[in-house]
Amino acid sequence: MQAFTVLTSTFIPLPIENVDTDQIIPARFLKATTKDGFGKNLFRDWRYENDDESKHRAGFVLNQPEYKGAILVAGKNFGCGSSREHAAWSILDAGINVVVSSFFADIFKNNALNNGVLPITVSDEFLQKIFRENNNSLLTVNLQEQTIIINRTGESEHFDINDYKKTCLLNGYDDIDYLLSIKDDIINFENQTA
Amino acid sequence: MSKEDKYDNATLNKNESKGAKTLFEKIWEKHIVKTIKGGPSVMYIDKHFIHEVTSPQAFKGIEKRGMKVFRPQQVVATADHNVPTVNQHLPIKDELSRLQVQQLIENCKNHHIELYGLGHPFQGIVHVIGPELGITQPGMTIVCGDSHTSTHGAFGSIAFGIGTSEVEMAFASQCVMQSKPKLMRINIEGKLNKAVVSKDIILYIIAQISASGATGYFVEYAGSAIRELSMEARMTICNMSIEMGARGGLIAPDDTTFDYIKGRKFAPGAAQWDLKLAEWKKLYSDKDAVFDKEINIAAASIPPMITYGTNPGLGIAITGITPVIESIPDEGERKNIIKALQYMGLEAGKPLLGMPVQHIFIGSCTNSRIEDLRLVASVIKGKRKNDNVHVMIVPGSQQVAMQVKAEGLDKIFTEAGFQIRQAGCSACLGMNEDKIPAGEYCISTSNRNFEGRQGAGARTLLASPLTAAAAAITGVVTDIRDFLR
């Protein structure tokens, strides 16, 4: 897993609530057996008319070249629905390393963290402030400090992340490394409960 | 500032000081290997179900580390999400689907995992086969790379959906990392109205608390109305816990649970039964146990339900009207509903009753069990479907399909003009060829009405098997109570 420390980037605004994982990556694209290449189908049905790649929906933000960056900013309850980790893979594959929302669905949040994509929960007020920024505005995310800053105004907000996950992300460790390191404890547990 | 990431032991401590525990806590405590300071706990997993879609990358992950699955006897596999529901004896036509299913076969072989694949008499939707084979038992921890794993909670187990990284963790260590969720209890007391079934109960709850109303919680369903329900009906309720954001749902096991399990293929045998039963009977929330949140609902207030929007929280009574936009106070919510109605091709402030539909889908891990199909058969027997609707009935498993035949329900369905297909997830998620065409309406017994869920542009109305059955005959959104009159 890629380590994450500090990121400064423009952002992609998606002021829609309850963005479910079927929108992030529709089920018909889940037939792959690797984690690669999902980015091109990110928000597939919001990007194209009738699944036709030549027919862009002009109103959708990913079809507007002025909006780009490694930070996606979305309305509350982002990532609800299916547990498909393909949602996190498609976001990462599209070059997005941070998702900001005022509320995340549980499974998506875990999946994102397990892939080095940082989900940042901000207050609704701060979220609306970000949405009011223009397409050139930069955001800075500092994981060590647990802050997200709107560079133009200097306004910032603290975000929560548990210490364990923070350490994992800062160093690029994953949970499997940890679980393998406590294999003896697991075997002892099995013996005690058997 | 959000508090949701804070690891909060408040409930646990409160209950410990009184010696009272919730059902969830009793199971949780027995499965924690260790807790990381300021972080999650390492939870031991009793049963790990896998399927073809969310497992291949996890197998690749452990293989890259040069590892084998740690406890293959605790893993059970089936092929369900991506399989065709006709001609399952023939090679799968879609190349990517075929490769994915083939990959599962090879992975299970290499790692010595029991696979109930296509053609096996135990094959079916993972959340249908676990319970029907007696694999799912009270007090267990159960995971699967599928959000509807909460279904198994109906047996009084901690069961929840995980992502593929966690599937890999479970392969590598038979453990996953979990922060202790907050606990909610939803009590449903009293007697249900006529023609109201468990699907209506859960659609009603989600409509009340919204599609994110239980995020961060594990939900226990309790009360006299829940106790009255069969296991199949309880599974329908626990199944949709995720649709209000809950990590899972569970119901204390009782005689209904024990009677259901007894004698099933992998249920404890006669020698072990009494011992297991004594353990299982301790699985309930103590009288003084405290929950972070409690919701009380009178069973009598629940009508037959239907959804009009693009998340499962957007549901109304079958006789209700879609929201009047001006009456929605919250701006975000107003925008959501306008967007949802636009996608659905519906007007605000109008009833759904009488609206023509083109498709009926009876199936999915929510409502494809034998009891669901019996319900459908009971109200359509001797009738013929409306000419303008296509009706697809997809049994949840090979076992259910066999039971359908044994009871002669297949004749009732065929005579009604319903198409009976073979077991799989099918049009619930539109991964295989079972899709609803763009712009057309489908009354579906499944669990999600998201945009494009049943096919790009498809419009889904979630409802109970009874409501779906009535619409199959009339061709329009119908109040089952009028239909039965």
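All values derive from a computational prediction rather than experimental measurement. (Residues numbered from 1 in each chain as written. Chains lettered and ligands numbered in written order. Predicted model: local features only at pLDDT ≥ 70, side-chain atom pairs only at ≥ 80, totals over all residues. Heavy atoms only, no water.)

Q: Can you explain the interface of chain B and chain A? Please cite residues and give values.
A: With 71 residues of chain B at the contact, the number on the chain A side is 59 residues. Summing both partners gives a buried area of about 5400 Å² for chain B against chain A, and 55% of it is carried by carbon and sulfur. Counting across the chain B and chain A interface gives seven salt bridges. The partner of A:D22 in a salt bridge is B:R453, with the nearest N and O atoms 2.8 Å apart. Mapped onto the side of chain B that touches chain A, the elements with two or more residues apiece are β1 (32-35), β2 (41-44), α3 (56-64), α4 (95-110), α6 (164-173), β8 (175-178) and α12 (331-344) of chain B. Ranked by residues supplied to the side of chain B that touches chain A, first place goes to α6(B) with seven residues. Tallied by class, residues from the side of chain B that touches chain A come to 23 nonpolar, 28 polar and 20 charged. (Contact = heavy atoms within 4.5 Å. Buried area = accessible area lost by both parts, 1.4 Å probe. Salt bridge = Lys/Arg side-chain N within 4 Å of Asp/Glu carboxyl O. Helix = DSSP H or I, 4+ residues; strand = E, 2+ residues; numbered from the N terminus. Nonpolar A, V, L, I, M, F, W, Y, C, P; charged D, E, K, R; others polar.)

Q: Describe the sheet that holds strand β11 (residues 248-250) of chain B, listing the residues and the values that go with them.
A: Residues and elements named next belong to chain B. Strand order in the open sheet made by the four strands is β11-β10-β9-β12, with parallel pairing throughout. In this open sheet, the two strands that pair with only one neighbour each are β11 and β12 (293-298). In this sheet, neighbouring strand axes are inclined to one another by 20 degrees on average, regardless of whether the strands run parallel or antiparallel. Strand direction decides the pairing type here: strand β9 (residues 182-189) and β12, joined by six bridges, are parallel. Considered in β12, the bridge of R185 is made with E294. (Pairing = 2+ DSSP bridges. Axes fitted to C-alpha atoms, helices over the stretch in contact; angles between N-to-C directions.)

Q: Requested: an account of the confidence of the model for chain B, with residues and values cited.
A: All names here are of chain B. Residue-level pLDDT values for chain B average 95, and 96% of them are 70 or greater. Segment residues 1-10: pLDDT under 50, and 21 contacts once partners within four positions in sequence are set aside and those in other chains are kept. Predicted as a complex, the structure gets a pTM of 0.96 and an ipTM equal to 0.96. (pLDDT = per-residue confidence, 0-100.)

Q: Can you explain helix α16 (residues 465-474) of chain B? Please cite residues and give values.
A: Residues that lie three or four places apart on an α-helix share one face, since the helix turns once every 3.6 residues. All names here are of chain B. Of all the ten residues making up α16, nine are buried; the element is thus mostly covered by neighbouring parts of the structure. Listing the buried residues of α16 in full gives P465, L466, T467, A468, A469, A470, A471, A472 and I473. Elements in contact with the buried residues of α16: α7 (198-209), β15 (359-362), α13 (370-380), β16 (390-393), β18 (441-444) and α17 (480-484). (Buried < 20%, exposed > 50% of the residue type's maximum accessible area, 1.4 Å probe, protein only.)

Q: I'd like to hear about empty space enclosed by the protein, residue by residue, with values.
A: Per the stated rule, a full pass over the model turns up six cavities of 30 Å³ or more. Along its surface, the largest cavity is lined by 22 residues, and B:H81, B:D146, B:H148, B:L429 and B:R453 are the ones closest to its centre. Taken together, the residues that form the lining of the largest cavity break down as eight nonpolar, ten polar and four charged. Put simply, the second largest cavity is a space of about 170 Å³. Considering the residues around the second largest cavity, the lining is formed by 14 residues, among which A:E17, A:N18, B:T310, B:K339 and B:E451 are closest to the centre. (1 Å grid on protein atoms, 1.4 Å probe; cavity = no way out; pocket = protein on both sides within 12 Å on 5 of 7 lines; lining within 4 Å. Points joined across faces, edges and corners; volume = space filled by probe spheres on them.)

Q: Which residues make up the pattern of salt bridges, and what values do they have?
A: Inspection of the entire model under this criterion finds 31 salt bridges over all chains. In this structure, the salt-bridge partner of A:K55 is A:D52, at a minimum N-O distance of 3.9 Å. Of the charged contacts, one joins A:E190 and B:R71 as a salt bridge, the two residues approaching to 2.7 Å between their closest N and O atoms. Of the two residues, A:E190 is situated in helix α8 (residues 183-193) and B:R71 in the loop between α3 and β4 (75-78); the pairing between them involves two chains. Residue classification places B:R71 among the partly exposed residues on the basis of a relative accessible area of 23%. When salt bridges that share partners are traced, they join A:R28, A:R44, A:D45, A:D51 and A:E53 into one network.

Q: Could you give an account of the packing of aromatic side chains, with specific residues and numbers?
A: By the definition in use, this model includes 17 aromatic pairs over all chains. Between A:F104 and A:F108, the aromatic rings sit 6.3 Å apart at their centres with planes inclined by 15 degrees, giving stacked as the arrangement. Judged by relative accessible area, A:F104 falls into the buried class, the value being 0%. Their ring planes at 65 degrees and their centres at 5.4 Å tell us that B:F155 and B:Y260 sit as a pair that is edge-to-face. In this pair, B:F155 is assigned in the loop between β6 (141-144) and β7 (158-161) and B:Y260 in helix α10 (residues 255-261), connecting sequence segments 105 residues apart. Classification of B:Y260 as buried rests on a relative accessible area of 11%. Taken together, the ring pairs connect A:F43, A:W46 and A:F60 into an aromatic cluster. The ring centre of B:F70 lies 3.9 Å from the NZ or CZ of B:R71, which sits over that ring. (Phe/Tyr/Trp six-rings, centres within 6.5 Å; stacked < 30°, edge-to-face > 60°. Lys NZ or Arg CZ within 6 Å of the ring centre and 35° of its normal.)

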